[in-house]
Amino acid sequence: MPRILTNKTDLPLPIYYAIKNDTYEARGDISITSLIDAPLPRILKKHKTYEEDASETIYALLGSGVHSIIERMGKAQDQAQYIPEQKLMIDVPYMGRIIEVSGTTDLIERQYIMQGEGQYVETVNNKNIIHDFKNTSVYNAMRGVEGNDKWVKQTNCYAAMTRATLGMDIHEIYIHAFLRDWS
């Protein structure tokens, strides 16, 4: 159902318009992020019209900015080593039917060594690494991955999806936290 976006807190109009004109398009039946989150808000948003103030989505807007930077980096670097914003989709049996589960990794790094201009060979350890970038508070980051089990679930699902769809084993996962405050 549609979201009614308000600006009751009087955010500057350019920020409000940036939030209002979000280009994110949902794919599949459910995303990994939605799958690991509480089900009730997701269900209500799907079946009811709801109101949300733009100020409640500022951190999501900042997160989108980080993803834009990652995409820019990916365009400037050799795609043999870095895969930014990899969209993944797998079919999962659920209650007698097949559902499409989607997800997007922030960055996959393949560790190669360069041998001549533009020529890469696999390293002895040949590690594939998922890098996930989070905008979060200092307090939340201090809890570490143990206190942020959604981060662990999300990135491990991405690793499984990468294996299933791209045939790449993931050897390490790094969660990089950008701290947005000094509390």
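Thresholds applied
- Residues numbered from 1 in each chain as written.
- Predicted model: local features only at pLDDT ≥ 70, side-chain atom pairs only at ≥ 80, totals over all residues.
- Heavy atoms only, no water.
- Helix = DSSP H or I, 4+ residues; strand = E, 2+ residues; numbered from the N terminus.
- Polar contact = N/O pair within 3.5 Å; in protein donor to acceptor, adjacent residues only side chain to side chain.
- Contact = heavy atoms within 4.5 Å.
- Core = buried A, V, L, I, M, F, W, Y, C linked by side-chain atoms within 4.5 Å.
- Buried < 20%, exposed > 50% of the residue type's maximum accessible area, 1.4 Å probe, protein only.
- Pairing = 2+ DSSP bridges.

Asker: An account of the side chain of Asn-140 is needed here, citing residue identities and associated values.
Answerer: With respect to the helices and strands, Asn-140 occurs in helix α5 (residues 138–142). Among the polar contacts listed, one links the side chain of Asn-140 to the side chain of Thr-136, at a separation of 2.8 Å. Excluding anything up to four places from it in sequence, Asn-140 contacts Asn-148 and Trp-151.

Asker: Give a detailed account of the nonpolar core, specifying residues and quantitative values.
Answerer: Counting 13 residues, the largest nonpolar core has Ile-32, Val-101, Ile-108 and Ile-130 as its most contacted members. Counting only elements with at least two residues in this core, the list comes to β4 (82–94), β5 (97–110) and α6 (149–166). Those residues in contact with Val-101 that lie beyond four places of it in its chain are Ile-30, Ile-32, Leu-35, Leu-88, Met-89, Ile-90, Val-92 and Met-161.

Asker: With reference to specific residues and values, describe the pairing of strand β8 (residues 128–136).
Answerer: Within β8, eight of the nine residues are buried, leaving the element largely enclosed by the surrounding structure. In terms of strand pairing, β5 meets β8 through four bridges, oriented antiparallel. Looking across to β8, one finds that Arg-110 is bridged to Asn-128. When β8 meets strand β9 (residues 172–179), the two strands line up parallel, connected through eight bridges. In the sheet register, His-131 faces β9, and the bridge partner there is Tyr-174.

Asker: An account of unusual backbone geometry is needed here, citing residue identities and associated values.
Answerer: Phi angles above zero are rare outside glycine, and Asp-10 is one such case at about 55°. Residue placement: Asp-10 occurs in the loop between β1 (3–6) and α1 (13–20). Overall, the relative accessible area of 64% leaves Asp-10 in the exposed class. Phi is positive for Glu-85, close to 50°, though the residue is something other than glycine. Overall, Glu-85 belongs to the buried group, its relative accessible area being 17%.

Note that every value here comes from positions in space, so none of it alone points to a role or purpose.
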